[in-house]
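# Commentary on secondary and tertiary structure
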Amino acid sequence: MTARPAAAGRAVGSDGWPVPRVGILALQGDVREHDRALRDAGAEPLAVRRVEDLHGLDGLVLPGGESTTMGRLLGVFDLLDPLRRLVQEGLPVYGSCAGMILLADEVRGGPSDQPRLGGLDITVRRNAFGRQVDSFETDLAFAGVGDVHAVFIRAPWVEAAGSDVRVLARVPDSARQAAGRVVAVRQGAVLATSFHPELTGDSRIHALFVDMIKEGAG
Ligand code: GLN
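This text gives an overview of the structure that appears in the document. Keep in mind that this is a model prediction, so the values were computed, not measured.

Before going further, it helps to spend a moment on the overall build of the protein. Tallying secondary structure elements over the protein gives five helices and twelve strands in all. Relative to the 2.2 N^0.38 estimate, which gives 17 Å for 218 residues, the radius of gyration of the protein is 16 Å and therefore close to what a compact globule would have. Each of the three principal axes of the protein carries a C-alpha extent, and together these read 50 × 40 × 30 Å. Burial status across the protein gives 50% buried among its 218 residues. Considering only contacts in the protein between residues 6 or more positions apart, those separated by 24 or more positions represent 60%. Accessible surface computed for the protein: about 10,100 Å², of which carbon and sulfur atoms make up 45%. Separation of charge centres in the protein, based on 24 positive and 28 negative side chains, amounts to 2 Å.

What follows deals with the pattern of salt bridges. If you walk through the whole model with that rule in mind, you get eleven salt bridges. Put simply, Asp-53 and Arg-50 hold a salt bridge, and the shortest N to O gap is 3.5 Å. Residue Arg-50 is classed as partly exposed on the basis of its relative accessible area of 45%. Here Asp-202 and Arg-204 are joined by a salt bridge, their closest N and O atoms 2.7 Å apart. Since its relative accessible area comes to 34%, Arg-204 is described here as partly exposed. A cluster of three or more residues bridged by salt bridges with shared partners is formed by Arg-50, Glu-52 and Asp-53.

Turning next to the environment of Ala-141. If you trace the backbone, Ala-141 turns up in strand S7 (residues 135-142). Here Ala-141 falls in the exposed class, since its relative accessible area comes to 53%. Between the C-alpha atoms of Ala-141 and Arg-170, which are 29 residues apart in sequence, the distance is 7.5 Å. The residues contacting Ala-141, other than those within four sequence positions of it, are Gly-146, Asp-147, Leu-168 and Ala-169.

This brings us to unusual backbone geometry. At Cys-97, a position not held by glycine, the phi torsion is positive, near 55 degrees. Structurally, the position occupied by Cys-97 is in the loop between strand S4 (93-96) and helix H4 (98-103). With a phi close to 40 degrees, Arg-154 is a non-glycine residue in the positive phi region. For Arg-154, a relative accessible area of 48% puts it in the partly exposed group.

This part takes up the site of the ligand. The immediate surroundings of the ligand are formed by Gly-64, Gly-65, Glu-66, Ser-67, Cys-97, Ala-98, Ile-101, Arg-126, Asn-127, Ile-153, Arg-154 and His-196. In the environment of the ligand, a nitrogen atom lies 2.8 Å from a nitrogen or oxygen atom belonging to the side chain of Asn-127. With respect to the ligand, the backbone of Ile-153 contributes an N or O atom lying 2.9 Å from a nitrogen atom. Coverage of the ligand by the protein amounts to 95% of the 300 Å² it exposes when considered alone.

Another point: the nonpolar core. Formed by 36 residues in total, the largest nonpolar core has its most connected members in Phe-129, Leu-140, Phe-142, Phe-152 and Phe-195. For this core, the secondary structure elements donating two or more residues are strand S1 (21-25), helix H1 (31-40), S7, strand S8 (146-153), strand S10 (166-170), strand S11 (182-187) and helix H5 (204-217). Residue contributions to this core peak at six residues, all from H5. With 33 residues, the next largest nonpolar core counts Ile-101, Ala-104, Val-158 and Val-165 among its residues.

Calculation notes
Residues numbered from 1 in each chain as written. Predicted model: local features only at pLDDT ≥ 70, side-chain atom pairs only at ≥ 80, totals over all residues. Heavy atoms only, no water. Helix = DSSP H or I, 4+ residues; strand = E, 2+ residues; numbered from the N terminus. Rg over C-alpha atoms; globule rule 2.2 N^0.38 Å. Buried < 20%, exposed > 50% of the residue type's maximum accessible area, 1.4 Å probe, protein only. Contact = heavy atoms within 4.5 Å. Areas by Shrake-Rupley, 256 points an atom, 1.4 Å probe, with all protein chains shown as cover. Lys, Arg positive; Asp, Glu negative; His and termini not counted. Charge placed at Lys NZ, Arg CZ, Asp CG, Glu CD. Salt bridge = Lys/Arg side-chain N within 4 Å of Asp/Glu carboxyl O. Near = heavy atom within 4 Å. Polar contact = N/O pair within 3.5 Å; in protein donor to acceptor, adjacent residues only side chain to side chain. Core = buried A, V, L, I, M, F, W, Y, C linked by side-chain atoms within 4.5 Å.

Shape descriptors only; they carry no functional weight alone.
Next up, the structure:
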């Protein structure tokens, strides 16, 4: 990646790139943890609660939390249409867990009318890992990143994905159940994980997202 001159008024990172401004949807969910991970990855996080907060963003994170609540609040705060438009226009977006569900074009295992953004050509199953194991942790291989410790909390998995979607990680064979299930994908500028890298203090997946932003801008 080559450096480019910073736009006026923008801070420049140690790599010579303008520090990307990344919004975090802050209506519900683990916003603070994404804030920390984005800072560690060299981005400037900004809370998004209103349409005005979307102005000038280089990327957007949809946090983990509860996707039906987040979807409902997106409607209440008139953010559904503006966010759908930004995703369609190619704004880089990263969704973890509930964020993945908000981005999925199809959702199973929940109310079919739950408000969502869509834009990612996948079918997800909510709470897919079952009630007995609603939370678990495992190490897995993440394409382009390496071995990652993954924390799953009432997580969805990806049941089907379109031909433009790249699978980045699966549950490993060593896991007691659900081996082979797809838990991280990328389609164009959209990245999604079933698990929560923001909870482990490892900012490599956020750094991958920041690189995606820089790729698009370069
Ligand atoms: N089960 C939640 C949902 O359906 C997602 C859980 C999470 O984000 N940790 O929205």
